[in-house]
Amino acid sequence: MKTRIAKIGITAALIAAAPFAFAQTYGSPTTDSSGSSGSQTSASTQTTDPGTTGTSASSGSTTPGTPNTGAGGDAATNAVVLTLSTLVAAGGLAFLARTRKVA
Amino acid sequence: MRVRTIAAIAITAVAVVVFATTFSGATLYSAPDEVTVGAAQAILGAAVPTRLRIPALGVDAHVQQVGVAKSGNLAVPTNFTDVGWYRAGPKPGEAGSAVVDGHVDNGLGVPAVFKNVQNLNPGDEILIDNASGTLRFVVQSVAVYPRKEVPLQQLFHGDGVPRLNLITCEGEWLADQKTYDHRVVVYAVLAG
């Protein structure tokens, strides 16, 4: 019995968590070390002062890089995840409702 | 029967969590991962911008204060309807370029506050409200750059006449880097 429960539990978790494989994480600009970050003239300081950008390294000034201000490219993926999770939830609720009715 | 019921409850619960997580992530940005540099705390004062209005686009947005993200990039507003003023730079109306960023769309493809800024034309006005009143900026030019070729020194220029620079994303989506490949910058100058 315990083995059966475990199998069902694992299967359920895998099925339900599948959308997570596609889920996107938002909340911060994309970390990009390939060049979109701002120039930093001194690694030893963290003074952000765009007004002095381009000054000598001794000034220790930095300029932030360009912001990541969009997420629309993930719209299709998010739509799929939302649809799948809605279907799974609806199916689960329907099953539970039917089970309760029978009981 | 009991086992199936438990499994159904578990699956349903996970599905609901997945839905909620994805939906909130796609429609709301969480607090940005900012590093403590420069003016890390919220700045108060009469010159601090509170609202940005672009009559030509029907934009009327609350202004958040943003810093620098851990990535080194300018941080972004925590939602898709507000704009973010770079608080370590000049305030709008002060000498130099005040920089304001805003989203172009959200994770469901819904247009965000700066969706149409590339349609601005020279002469269009941008209004900044603060506690002292309203500043009027006039668009001088609109430029589109590959995202790694934005002239940062020009964008964040700290001296000279009072300017207002708006920036947002544009172009093709880079799925592996989760960003667009171009940036739109609107350059405006104080008119009164």
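Counting restarts for each chain, with residues numbered from 1 along the sequence as it is written. To read the labels, note that chains go from A and ligands from 1, taken in the order they are written. In keeping with the model being predicted, local features are shown solely for residues with a pLDDT of at least 70 and side-chain atom pairs are shown and tallied solely at 80 or more, while totals for entire chains, interfaces and linings include all residues.

### Comments concerning the overall build of chain A
Test applied: The numbering of helices and of strands both runs from the N terminus, where a helix is a DSSP run of H or I of at least 4 residues and a strand a run of E of at least 2. We call a residue exposed when 12 or fewer other C-beta atoms sit within 10 Å of its C-beta, buried when the count reaches 20 or more, and partly exposed for counts in between; the C-beta positions come from the backbone. Contact between residues is assigned whenever the C-beta positions, reconstructed from backbone atoms, fall within 7 Å.
Counting secondary structure elements, chain A contains two helices and two strands. Counting every position in chain A, which comprises 103 residues, the buried fraction comes to 32%. A sequence separation of at least 24 residues applies to 49% of the contacts in chain A between residues at least 6 apart.

### Details of the overall build of chain B
Summing up its helical and strand segments, chain B has two helices and 10 strands in all. N-terminal to C-terminal, the α/β element order of chain B is α-β-β-β-β-β-β-β-β-α-β-β. Summarising its shape, the C-alpha atoms of chain B cover approximately 75 × 35 × 30 Å along the three principal directions. A buried classification covers 44% of the 192 residues belonging to chain B.

### Observations concerning the environment of Pro-146 of chain B
All names here are of chain B. Here Pro-146 is to be found in strand β8 (residues 133-146). For the pair formed by Pro-146 and Leu-57, sequence separation is 89 residues and the distance between their alpha carbons is 24 Å. What Pro-146 contacts, discounting residues up to four positions off in sequence, is Asp-181 and His-182.

### Concerning the packing of helix α2 (residues 75-102) of chain A against helix α1 (residues 2-27) of chain B
Where we set the bar: Here an angle of 0 to 180 degrees is reported between the N-to-C directions of two axes, which are lines fitted to C-alpha atoms, with helices fitted over the stretch in contact. Note that the term roughly parallel is reserved for angles under 35 degrees, roughly antiparallel for angles over 145, roughly perpendicular for angles of 65 to 115, and oblique for everything else. By convention the crossing between two helices is left-handed if the near helix lies anticlockwise of the far one by an angle smaller than a right angle, and right-handed if it lies clockwise. We call Asp, Glu, Lys and Arg charged. Ala, Val, Leu, Ile, Met, Phe, Trp, Tyr, Cys and Pro are nonpolar, and the rest, Gly among them, are polar.
Between α2 of chain A and α1 of chain B, whose axes approach to 8 Å, the crossing angle comes to 150°. The orientation of α2 of chain A with respect to α1 of chain B, classified from their angle, is roughly antiparallel. The handedness of the crossing between α2 of chain A and α1 of chain B comes out as left-handed. Contact residues: Asn-78, Val-81, Leu-82, Ser-85, Thr-86, Val-88, Ala-89, Gly-92, Leu-93, Phe-95, Leu-96 and Thr-99 of chain A in α2 of chain A; Thr-5, Ala-8, Ile-9, Ile-11, Thr-12, Ala-15, Val-16, Val-18, Phe-19, Thr-22, Phe-23 and Ala-26 of chain B in α1 of chain B. Looking at the contact of α2 of chain A with α1 of chain B, its residues break down into 16 nonpolar, eight polar and no charged.

### Digging into the environment of Thr-69 of chain A
With respect to the secondary-structure elements, Thr-69 of chain A resides in the loop between β2 (61-62) and α2. Here Thr-69 of chain A falls in the buried class, since 30 other C-beta atoms lie within 10 Å of it. As a C-alpha pair, Thr-69 of chain A and Val-81 of chain A span 12 residues in sequence and 22 Å in three-dimensional space. Not counting the four nearest positions on each side in its chain, Thr-69 of chain A is found in contact with Val-76, Asp-101, Gly-102, His-103, Val-104, Phe-114, Thr-168 and Cys-169 of chain B.

### A few points about the nonpolar core
Soluble, globular proteins show a tendency: their nonpolar side chains are buried together. So the rule is basically this: In these notes, a nonpolar core means any group of buried Ala, Val, Leu, Ile, Met, Phe, Trp, Tyr and Cys residues linked to one another through C-beta atoms within 7 Å.
In this structure, Val-100, Ile-126, Leu-164 and Val-186 of chain B are the most contacted members of the largest nonpolar core, which totals 42 residues. Here this core gets five residues from one element, more than from any other, and that element is strand β10 (residues 179-190) of chain B. Apart from residues no more than four positions distant in its own chain, Ile-126 of chain B is found in contact with Leu-52, Ile-54, Phe-137, Val-139, Leu-164 and Ala-188 of chain B. Counting nine residues, the second-largest nonpolar core is a separate cluster that includes Ala-89 of chain A together with Ala-8, Val-14 and Ala-15 of chain B.

### What to know about the pairing of strand β3 (residues 59-66) of chain B
Residues in a regular strand project their side chains so that they alternate between the two faces of the sheet. Residue and element names in this part refer to chain B. For the record, the criterion: Paired strands are those between which DSSP finds at least two bridges.
Across four bridges, strand β2 (residues 49-54) lies against β3 in antiparallel orientation. The residue bridging Arg-53 from the neighbouring strand is Asp-60, located in β3. Count of turn residues in the β2/β3 antiparallel hairpin: four residues, of which Gly-58 carries a positive phi of about 70°.

### Some thoughts on unusual backbone geometry
A positive phi angle is found at Lys-178 of chain B, which is not glycine, with a value near 50°. On the basis of neighbour counts, which here come to 19 C-beta atoms within 10 Å, the residue Lys-178 of chain B falls in the partly exposed class.

### Topic: α1 of chain B
As a reminder, the rule being used: Here the expected length of a helix is defined as 1.5 Å per residue gap, with one fewer gap than residues.
The terminal C-alpha atoms of α1 of chain B lie 37 Å apart, and with 26 residues this matches the ideal 38 Å at 1.5 Å per residue to within 8%. Within the span of α1 of chain B, buried status applies to Ala-7, Ala-8, Ile-11, Thr-12, Val-14, Ala-15, Val-18, Thr-22, Gly-25 and Ala-26 of chain B.

### Things to note about the pairing of strand β5 (residues 83-86) of chain B
All names here are of chain B. Burial of the side chains of β5 extends over both faces: Val-83 and Trp-85 are buried on one face and Gly-84 and Tyr-86 on the other. Of the pairings in the sheet, the one linking β3 to β5 comprises four bridges and is parallel in character. Each bridged residue has a counterpart across the sheet, and for Val-66 the counterpart in β5 is Tyr-86. Pairing between β5 and strand β6 (residues 96-102): three bridges, direction antiparallel. Paired with Val-83 across the two strands is Gly-102, which belongs to β6.

All we've got here are geometric facts, nothing functional implied.
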